[in-house]
Amino acid sequence: MRLRSLLVTAALVRDTFREAFARKIFWAFFGCSTALILFFIFIMKIDVVQGAIATISLFGNTSRGQDVQLLVRQVHAAIAAFLFTAGMFLAVFASAGLIPAVFEPGRIELLLSKPVERYHILLGRYVGNVLVIAANIFYLVFAVWLIFGAKTGIWTVGFLWSSVLIVFIFSVLLTVVLLVGVLWESAVVSTMVTFGIMMMSPILAQQRILERLLTSEWSRNIMRFLYWVLPKVFDVGRIARELVLGNSITSWMPIWSSALFGVVILSTGLFVFARRNY
Amino acid sequence: MSFAIETEGLVKIFRSFWSGKEVRAVDGITLSVDEGSTFGLLGPNGAGKTTFVKLLLSCAHATQGRATIFGRDAREPEARRPIGYLPENHRFPTYMTGASMLDFYAALSGMDGAARRKRIPELLSTVGLKDWGDTRLGKYSKGMLQRVGLAQALMHEPRLLILDEPTDGVDPIGRRQIRDILHTLEQQGVTIFVNSHLLGEVELFCRDVAIIHRGKVALQGKVKDLTAGSGYRVAVDYVPERLDQELRSKAKAVAQRNGSIEFLFSNREEANQAVDLLRAQYCEIEELGRTSSTLEDVFVRTVNET
C-alpha cells in the first residue's frame, strides 16, 4: 500500500516536471541560473594573496585591496536578496499555472476517477511544483558557492542555508496559489493574491514605525493581526541575509509563524478540494 | 446475480452560492447494472447522465442516497480501482505523448513500471496507434484522441468500463474498431457502461439500457424487449381491389412504401390469414415479419411521455 502511494506521488511529481518542461518554466530558470554561473566562472576574476584579495577584475575594471571574507559574503547576500525578491516573483509568476491547470474540465474528472485520495492528487502537484523551483535554486546557489569557494577558499555555509529559506518561503507562498486555485480555478487570480501578500510583507515588517503613524487602536490591531497572520517574506529574507553575513539570528519567529500559515492554508486548500464537485 | 453498479435513491442537488437556487440534477435514481453486461445510459441534454456518472466516480458528492461499485461504497478510492473511465470532452495534457499519457494514468491506477512498459505498446497497437506512441497528444486528431483515451481506460485491465460518448468524433472505421474492442472485452466478462447520445451505437452494442429524463429513470430494460414491436408486417407488390378492401378492414394500419403495400396486423393469426388470402389470389409477398421500433422511437416516445 505504501509502495503504491509512493508510486502515485512519483507519477504526480514527474508529471509536474513534464509540464514545467513543456511550459519552458524549468528551462527558463535553468538558463538564467546557468548564465549567472557562467558569469561568475568566466567574467569575474579574483586573485587572493594570503587571505586578502589582491585584485578583483570585472569587465576589465580592477579594484584592489578587498577583504576576501567580506566580499564573498556580500556577493552571497546580494544573490540571496535577488532570489528573495525578483527570483521569488518570477518563481510564483512562472509556476502559478501549474496547480490551477489540474482543475481544467476534462482533466480533473479523469484524475479523480483514479483510485487515489483527492488530497494525494493535489499534494503530489504541490510537491512537484516546489521541487521544480527548488531544483533551480539549489543548482544556482550550490554552483555559486562552489565557484566562490574554489576561487577564494572561503566556504560559508550560511549561503547554502539561505537557499533552504528561499525554497521554504516559496513553498509557503505556493500554498496561497493552491488555495486560491482550488477556490477560483484561475492562475491569474492565484498570482494576484500571492503577489499582494508578497508586496504587503515589507510594509507590515515596519509595524513599529507604522503603529506610530496610525491614529486609531483598531487600525493598529488590524495591522498587528495582518503582520502575525500573513507569511513574513521580508523578515525571512532578513534572516537569510544575516545567515549569509555570518551574524547571529535574534528571532526565528518569522520562520515558524510563516510555516504555521503555510500548514493552515495548505490544509484548508486540501479540505476544500476534497469537498468540491467537479 | 451480482451488480457492477448499484444505486439507491441517488440525489444530487446543486445550489447556487449567491441566489440559493436549487437544481436537482439527479433526482432519486435507483439503478442496477449486472456484472458482465453492456449497459447504455441515454437521455436528452441536461437529463443528468453526466452528473450520474460523476457521482459513481466521486467527482461529485451525492446529496442523498448511495452508490456502490462491485458492492463497495463508490466514495472509497478503492471502489474506483476496477474502473476504467473515458470522460466526455476529455482534455489530455498536450505536452504528453500517447505513451507517456498511458504511463501516467496507469501509474495513478497503481500499475507498476514493468507492467506498464509491457502493456503500453500492446494497447497502442490494439487501438490502431502503434506508430503514434512517441508523438505529442497535441498533434493527434479528435478520433485518435478518443482511441488513445480508450486505451488509457483499458490500461489496468478494468472490470468495469465507463465510457462517456466513446465514439464521438471517430470516423466509421474507427467506430467499428472501438465496437470490436468492446465486444472482445464483453466476451472477457468486462462490464461496459456507455453514456451516449448516439442511439444507433447503443442499440448496436448494448444489451440493457436506461433512459434518464429530468434526473429520473424514465425507462429501463433489455434493448430487444424495448424495441420489440407488438404486430406483424406483410408487404405485397399488388393486391386485387376486393382483397385490398378486405385486408384494409382487418389491418390496424396500411402504408404505401417503395411501390409496395404494407399491411400491419395486430397478431400472428391475422397475419397468417392475410397470407392465405393473398396466396390464394396468387399475390407475390415481398416481405413478412414482426414489426419493431428503433431505440430512437423508444427514446423519443419516452422523453415525450415523461
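Bear in mind the structure is a predicted one, so any value in this text is a computation, not a measurement.

**Considerations on the overall build of chain A**
Assigned secondary structure in chain A consists of 11 helices and 3 strands. When the helices and strands of chain A are read in sequence order from the N terminus, they spell out α-α-β-β-β-α-α-α-α-α-α-α-α-α. Looking at chain A as a whole, 38% of its 278 residues qualify as buried. Sequence separation of at least 24 residues holds for 75% of the intrachain contacts in chain A that already meet a minimum separation of 6.

**Notes on the interface of chain A and chain B**
Counting residues at the interface gives 22 residues for chain A and 26 residues for chain B. Elements with a minimum of two residues in the side of chain A that touches chain B: α1 (2-22) and α4 (108-112) of chain A. Classifying every residue of the side of chain A that touches chain B gives 10 nonpolar, 3 polar and 9 charged.

**Digging into the sheet that holds strand β10 (residues 216-222) of chain B**
Residues and elements named next belong to chain B. Strand order in the open sheet formed by 6 strands is β6-β7-β8-β3-β9-β10, with mixed pairing between adjacent strands. This sheet does not close on itself; its edge strands, each paired only once, are β6 (83-86) and β10. Averaged over all pairs of adjacent strands, the angle between their axes in this sheet comes to 15°, without regard to strand direction. As defined by bridge partners, strand β3 (residues 38-42) adjoins strand β8 (residues 191-195) across 4 bridges and the pair is classed as parallel. Across the sheet, residue Leu-41 finds its bridge partner in β8, namely Asn-195. Sheet contacts for helix α10 (residues 295-305): β3, β9 (208-213) and β10; angle to β9, the most-contacted strand, approximately 30°.

**Regarding helix α6 (residues 157-184) of chain A**
Residue and element names in this part refer to chain A. With 28 residues, α6 extends 41 Å from end C-alpha to end C-alpha; this agrees with the ideal 40 Å at 1.5 Å per step. With 20 of its 28 residues buried, α6 lies for the most part within the structure. A positive phi of about 50° marks Glu-185, the residue just after α6.

**Focus on the packing of helix α2 (residues 25-43) of chain A against helix α5 (residues 118-152) of chain A**
Residues and elements named next belong to chain A. Across the interface, α2 lies against α5 with an axial gap of 10 Å and an inter-helix angle of 5°. Accordingly, the angle class assigned to the pair α2 and α5 is roughly parallel. The residues of α5 that touch α2, namely those facing Ile-25, Phe-26, Phe-29, Phe-30, Ser-33, Leu-36, Ile-37, Phe-40 and Ile-41, are Val-132, Asn-136, Tyr-139, Leu-140, Ala-143, Val-144 and Ile-147. Each residue belonging to the contact of α2 with α5 can be placed in one class, and the counts come to 14 nonpolar, 2 polar and no charged.

**Regarding the pairing of strand β13 (residues 260-265) of chain B**
All names here are of chain B. Of the two faces of β13, the one lined by Ile-261, Phe-263 and Phe-265 is fully buried and the one lined by Ser-260, Glu-262 and Leu-264 carries no buried residue. Of the strand pairs in this sheet, strand β11 (residues 228-236) and β13 are connected by 5 bridges, and their pairing is antiparallel. Within β13, the residue paired with Val-234 across the bridge is Phe-263. Alignment of strand β12 (residues 253-257) against β13, held across 5 bridges, turns out to be antiparallel. Across the sheet, the residue bridging to Ala-255 is Glu-262, located in β13. In sequence, β12 turns back onto β13 through a hairpin of 2 residues, with Asn-258 there showing a positive phi of about 50°.

**Observations regarding the packing of α6 of chain A against helix α10 (residues 233-245) of chain A**
All names here are of chain A. Close contact between α6 and α10 brings their axes to 8 Å; oriented N to C, the two are set at 165°. The orientation of α6 with respect to α10, classified from their angle, is roughly antiparallel. Classified by chirality, the crossing of α10 by α6 is right-handed. Residues Gly-158, Phe-159, Trp-161, Ser-162, Leu-165, Ile-166 and Ile-169 of α6 touch α10, and the partners they reach there are Val-233, Val-236, Ile-239, Ala-240, Leu-243 and Val-244. The residue inventory of the contact of α6 with α10, partitioned by class, reads 11 nonpolar, 2 polar and no charged.

**Things to note about the nonpolar core**
Phe-170 of chain A together with Leu-56 and Phe-193 of chain B are the most contacted members of the largest nonpolar core, which totals 140 residues. Counting residues per element, this core draws most heavily on α6 of chain A, which supplies 15 residues. Not counting residues within four places of it along the chain, the set of residues in contact with Phe-170 of chain A comprises Met-88, Ala-91, Val-130 and Ile-133 of chain A. Val-234, Val-236, Val-239 and Leu-278 of chain B belong to the second-largest nonpolar core, a separate cluster that totals 13 residues.

**What to know about the environment of Gly-196 of chain A**
All names here are of chain A. By the secondary structure assignment, Gly-196 is in helix α7 (residues 187-204). C-beta crowding within 10 Å serves as the criterion here: with 12 such atoms nearby, Gly-196 is assigned to the exposed category. In the structure, Gly-196 is positioned 68 residues away from Gly-128 in sequence and 24 Å away in space, judged by C-alpha atoms.

Definitions and cut-offs
- Residues numbered from 1 in each chain as written.
- Chains lettered and ligands numbered in written order.
- Predicted model: local features only at pLDDT ≥ 70, side-chain atom pairs only at ≥ 80, totals over all residues.
- Helix = DSSP H or I, 4+ residues; strand = E, 2+ residues; numbered from the N terminus.
- Buried ≥ 20, exposed ≤ 12 C-beta atoms within 10 Å, placed from the backbone.
- Contact = placed C-beta atoms within 7 Å.
- Nonpolar A, V, L, I, M, F, W, Y, C, P; charged D, E, K, R; others polar.
- Pairing = 2+ DSSP bridges.
- Axes fitted to C-alpha atoms, helices over the stretch in contact; angles between N-to-C directions.
- Expected span 1.5 Å × (residues − 1).
- Parallel < 35°, antiparallel > 145°, perpendicular 65-115°, else oblique.
- Left-handed = near helix turned anticlockwise from the far one by under 90°.
- Core = buried A, V, L, I, M, F, W, Y, C linked by C-beta atoms within 7 Å.

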